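These are the residues of each chain, in order.
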Amino acid sequence: MENSKRKMISDAPTKVCQYGGDCYRVNPVHFREYSHPHIEKLLAKATTFSMVEIPDDVKVHKSVFAEQLKIVSSLFPHLSCDSTNLEKKPKTVDEASQPLPTTSALSTGAVPKPTDPKPSSTGKDNRSTIESLFAERRAKMQAAQRDKPAATVLAPPKAEPSASVPSTDTGISLKQAIPRDISTYFPVVAPRGRMAEKLAAAAPYNFFLTTITASKPTHTEPLAVTFQELLDSSLGELECSVQMNFMVDIGWLLAHYFFAGYENVPLLVLYGDETPELRMVSQKKPNVTAVKVEIKTPFGVHHTKMGLYGYRDGSMRVVISTANLYEDDWHNRTQGLWVSPRLPPVPEGSDTAYGESRTDFRSSLLAYLDAYKLPQLQPWLARIRKTDFSDVKVFLVASVPGGHTNTAKGPLWGHPRLGHVLAQHAAPIDDACPLVAQSSSIGSLGPSPESWVLGEIMASFRKDSAPVGIRRLPGFRMIYPSYSNVRQSHDGLLGGGCLPYVRSTHVKQEWLKDYLHQWCSRARHRNKAMPHIKTYCRWSHRGLYWFLLTSANLSKAAWGVYNKTGRFEKPLRINSYEAGVLFLPKMLLDENFFPMEANKKHPPFPMPYDIPIIPYAPEDTPFFMDYLHQ
């Protein structure tokens, strides 16, 4: 039955999803690409969509499975029972069983009827790429509208009369395909033209958190940003850019560039997680180059989250964040970003050392980008060499896969790099001050605290500029959301979707619970926004000694582990690409501490969570990804 229905529609997927009933995806693009027989069989058995019953033994969370049912029914009505049982339908049909309107329909106001499905034209490959890439955006916005009492669930916004003619080089124009109403696609939209002013007010730290859709106070918070603001015209007229990340929803990303007016500006995307959309985007959008970063070890990932923005006046900007480039990471999750000042080109004829920062940020960035060995980055390396980084006052702390030993400039990567910088520039720190780590995932740390955390990590993280001598080991604290933290989040248990720690790992390191602390961020209105941000710091009653914002979770793959079997110097083994920025008060304020409360001299450092931190209660347990599969 399913096969006969599948033949009726030319673009129905024929390739079966390899994950079967374990599939947790809710991206319509995934369901266009892969068939899910267990979902299609349920739809075929029911008389109408409203009568579909979710089995008790589904392998994923029921709310996820319900969303998957809606997506399959909407995308492929021929595979659903409703298309062959129209006479049995009630008068009020659940909107979720209606096919999604096409992009062109949204711009003209015409919404296709579920009773009039038509096979796709033979030119599937010529179909607007952006129509497919925006499928998830439309589905989610419609779902949000269905929850509202207003009757105009699918009423499309009007396109602006200034929509452009399709570009002749690609046959695709985002301006033609979708309306100019940005609020149709993104739930939080900041006023245009004000990001430069916001960035100036954020000095000297330039440290932001992302807005939280369900937390309205964050929508107008001075130190909160949306991704669209990173493309704001007040920051400069964009000439080209690079987006480096792990997960990239290219449709979501291109939507931002479109609404900012940069749909045809050269864009290089380096990514870690492969998707069909990323593989084919260059065919339809020649200005977009997408390159998967290959890593030799199966245990490593391209986890860096960095943006490089080049402007038409020759200047550029660097942004380092903790957020993947897809909607969920910019929705109800706490994320952090450091946004550099605008960096001008160096004057013609300048010495090659001209324009380096006190923190050697430019040379560190060049070394990091050169490690990719990608020809697509060569123009950016040349541009960076001719850019003045003297206004950058943070250190780049990064990781690169491979085996590493010290160089003449000291260690370049991982936790030894952090220790090297702290030993040079951090004020002497009282050993009573613990290291506070906070991340969205936890790796295999070993059977005891001394295995890696206290035995290796702390050897680097404890360092400062005090003379070497006998000192005691600082304490260790770990902030990681408990089950109760996630349960009360804006998205309920689904809020834990960004916390991939699993029970099987935890049972091998149950000692960790003695160090765990709750996620609490009431002062920043993010108590219910689960943290995908990663931070490490040390503070006392006197102030904050240093603060690190990074993509690196607490794991050996991210920070590195020494090869203890080496015959000579023990090389550091790192599996993943990571990038972060280290804030040191000596560089930013010429002080020994960042203030943690307001004073007349300097603004307080904008901590992402509340202090003091709260330890787990005896009955608490960390949130495990396993909960989403129960």
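Residues numbered from 1 in each chain as written. Predicted model: local features only at pLDDT ≥ 70, side-chain atom pairs only at ≥ 80, totals over all residues. Heavy atoms only, no water.

### Overview of the overall build of the protein
Threshold: Numbering of helices and strands runs from the N terminus, with a helix taken as a DSSP run of H or I at least four residues long and a strand as a DSSP run of E at least two residues long. Each residue's exposure class comes from its accessible area (1.4 Å probe, protein chains only) as a fraction of the maximum for that residue type: buried when under 20%, exposed when over 50%, partly exposed otherwise. Here, Shrake-Rupley sampling with a 1.4 Å probe gives the accessible areas, and only protein chains in the shown set may cover a residue.
Scanning the protein from N- to C-terminus turns up 19 helices and 20 strands. Here the protein holds 630 residues, and the buried ones make up 56% of them. As displayed, the protein has an accessible area near 27,400 Å², and 53% of this comes from carbon and sulfur atoms.

### Re empty space enclosed by the protein
Convention followed: Cavities and pockets are found on a 1 Å grid laid over the protein atoms alone: a cavity is a set of points where a 1.4 Å probe fits but cannot escape, a pocket is an open set with protein on both sides within 12 Å along at least five of seven lines, and a lining residue has an atom within 4 Å of such a point. Grid points are joined across faces, edges and corners, and a volume is the space filled by probe spheres set on the points. The classification used treats Ala, Val, Leu, Ile, Met, Phe, Trp, Tyr, Cys and Pro as nonpolar, Asp, Glu, Lys and Arg as charged, and all other residues, Gly among them, as polar.
Summed over all chains, the structure comprises seven cavities of 30 Å³ or more. By volume, the largest cavity is sized at about 180 Å³. Around the largest cavity sit 17 residues that line it, and Phe186, Pro187, Val188, Thr226 and Trp330 are the ones nearest its centre. Across the lining of the largest cavity, the residue classes break down as nine nonpolar, six polar and two charged.

### Considerations on the pattern of salt bridges
Note the cut-off: When a carboxyl oxygen of Asp or Glu is within 4 Å of a side-chain nitrogen of Lys or Arg, the pair counts as a salt bridge.
Throughout the structure, instances matching the rule amount to 14 salt bridges. Arg524 serves as the salt-bridge partner of Glu221, at 2.8 Å between the closest nitrogen and oxygen. With Glu221 in the loop between β1 (207-210) and β2 (224-225) and Arg524 in the loop between β14 (516-517) and β15 (530-531), this pair connects stretches of sequence that are 303 residues apart. You can call Glu221 buried: its relative accessible area is 13%. For Arg524, a relative accessible area of 10% corresponds to the buried category. A salt bridge links Asp370 to Lys373; the nearest nitrogen and oxygen atoms lie 3.2 Å apart. By relative accessible area, which is 32% here, Asp370 ends up partly exposed. Given a relative accessible area of 61%, Lys373 falls into the exposed group.

### Concerning the sheet that holds β14
Convention followed: Here the rule is simple: two strands pair whenever DSSP picks up at least two bridges between them. Contacts are assigned to residue pairs that have any heavy atoms within 4.5 Å of one another. Helix axes are fitted to C-alpha atoms over the stretch in contact, other axes to C-alpha atoms as well, and angles between N-to-C directions run from 0 to 180 degrees.
Ordered by their spatial adjacency, seven strands build an open sheet running β10-β20-β17-β16-β12-β13-β14, and the pairing between neighbours is mixed. In this open sheet, the two strands that pair with only one neighbour each are β10 (395-399) and β14. Bridge analysis of strand β12 (residues 435-438) against strand β13 (residues 476-479) gives four bridges, and the strand direction is parallel. Paired with Gln438 across the bridge in β13 is Ile479. Docked against the sheet, helix α12 (residues 361-370) engages β10 and β20 (578-583), running at close to 20 degrees with respect to β10.

### Examining the nonpolar core
Just so we agree on the cut-off: Among the buried residues, those of types Ala, Val, Leu, Ile, Met, Phe, Trp, Tyr and Cys that are joined through side-chain atoms within 4.5 Å form a nonpolar core.
In terms of nonpolar packing, the biggest core is built from 106 residues, with Phe361, Tyr368, Trp546 and Phe583 touching the most fellow members. In terms of residues, this core owes the most to one element, strand β17 (residues 543-550), which gives six residues. Ignoring anything within four residues of it in the chain, the contact list for Phe361 reads Val318, Ile320, Trp338, Glu356, Phe389, Val392, Val394, Phe395, Leu396 and Val581. Formed by 38 residues, the second largest nonpolar core is a distinct cluster that contains Val248, Tyr257, Phe259 and Ala323.

### Points about the confidence of the model for the protein
Using the following cut-off: Note on scores: pLDDT gives the predictor's confidence for each residue, bounded by 0 and 100.
With 80% of its residues at a pLDDT of at least 70, the protein reaches an overall mean of 83. Across residues 1-10 the pLDDT falls below 50, and counting only partners more than four positions away or on other chains, this stretch makes 23 contacts in the model. This stretch, residues 80-142, has a pLDDT under 50; its non-local contacts, to residues over four places away or in other chains, come to 127 contacts.

### Structural notes on the sheet that holds strand β3 (residues 238-244)
Reading across from one edge, β2-β1-β9-β7-β6-β3-β4-β5 is the order of the eight strands in this open sheet, with mixed pairing throughout. Unpaired on one side and paired on the other, β2 and β5 (288-292) mark the two borders of the sheet. In terms of strand pairing, strand β7 (residues 316-321) meets strand β9 (residues 336-339) through three bridges, oriented antiparallel. Residue pairing in the sheet places Ile320 in a bridge with Trp338 of β9.

### A few points about the pairing of β5
Counted only if it meets this: The handedness rule is simple: strands pointing away from the viewer, and a clockwise path from the first strand over the helix to the second, make the crossover right-handed.
In the sheet, strand β4 (residues 267-271) pairs with β5 via five bridges, with the strands oriented parallel. Opposite Val269, over in β5, you have Ala290 as the bridge partner. For the segment spanning β4, helix α11 (residues 276-284) and β5, crossover handedness is right-handed.

### Focus on the packing of aromatic side chains
To keep things clear, this is the line we draw: Centre distance within 6.5 Å is the pairing criterion for rings of Phe, Tyr and Trp, where only the six-membered ring of Trp is used; planes under 30 degrees apart are then read as stacked, over 60 as edge-to-face, and the remainder as tilted.
Enumeration over the complete set of coordinates arrives at 35 aromatic pairs. Here Trp338 and Phe361 contribute two aromatic rings whose centre-to-centre distance is 5.6 Å and whose plane-to-plane angle is 45 degrees, an arrangement assigned as tilted. With Trp338 in strand β9 and Phe361 in helix α12, this residue pair connects regions lying 23 residues apart in the sequence. The class for Trp338 is buried, based on a relative accessible area of 3%.

### Focus: helix α14 (residues 414-425)
Going by this rule: Under the convention used throughout, the expected extent of a helix is 1.5 Å for every residue step, that is, one less than its residue count.
Here α14 spans 17 Å end to end across 12 residues, near enough to the 16 Å set by a 1.5 Å rise per residue. Along α14, the residues that are buried comprise Gly414, His415, Pro416, Arg417, Leu418, Gly419, Val421 and Leu422.

### What about the environment of Leu268?
Here Leu268 lies in strand β4. With relative accessibility at 7%, the residue Leu268 sits in the buried group. Separated by 39 residues in the primary sequence, Leu268 and Gly307 place their C-alpha atoms 10.0 Å from one another. Among residues more than four places away in sequence, those in contact with Leu268 are Ser241, Val242, Gln243, Thr289, Val291, Gln376 and Leu377.

### Structural notes on the side chain of Asp329
Operational definition: For the purposes of these results, a polar contact is taken to be a pair of N or O atoms within 3.5 Å, where, inside protein, one atom must be able to donate a hydrogen and its partner to accept one; residues adjacent in sequence count only when each atom of the pair is a side-chain atom.
With respect to the element layout, Asp329 can be found in the loop between β7 and β8 (333-334). Side-chain polar atoms of Asp329 contact the backbone nitrogen of Asn324, separated by 2.8 Å. Setting aside its immediate chain neighbours within four residues, Asp329 contacts Ala323, Asn324, Gln335 and His532.

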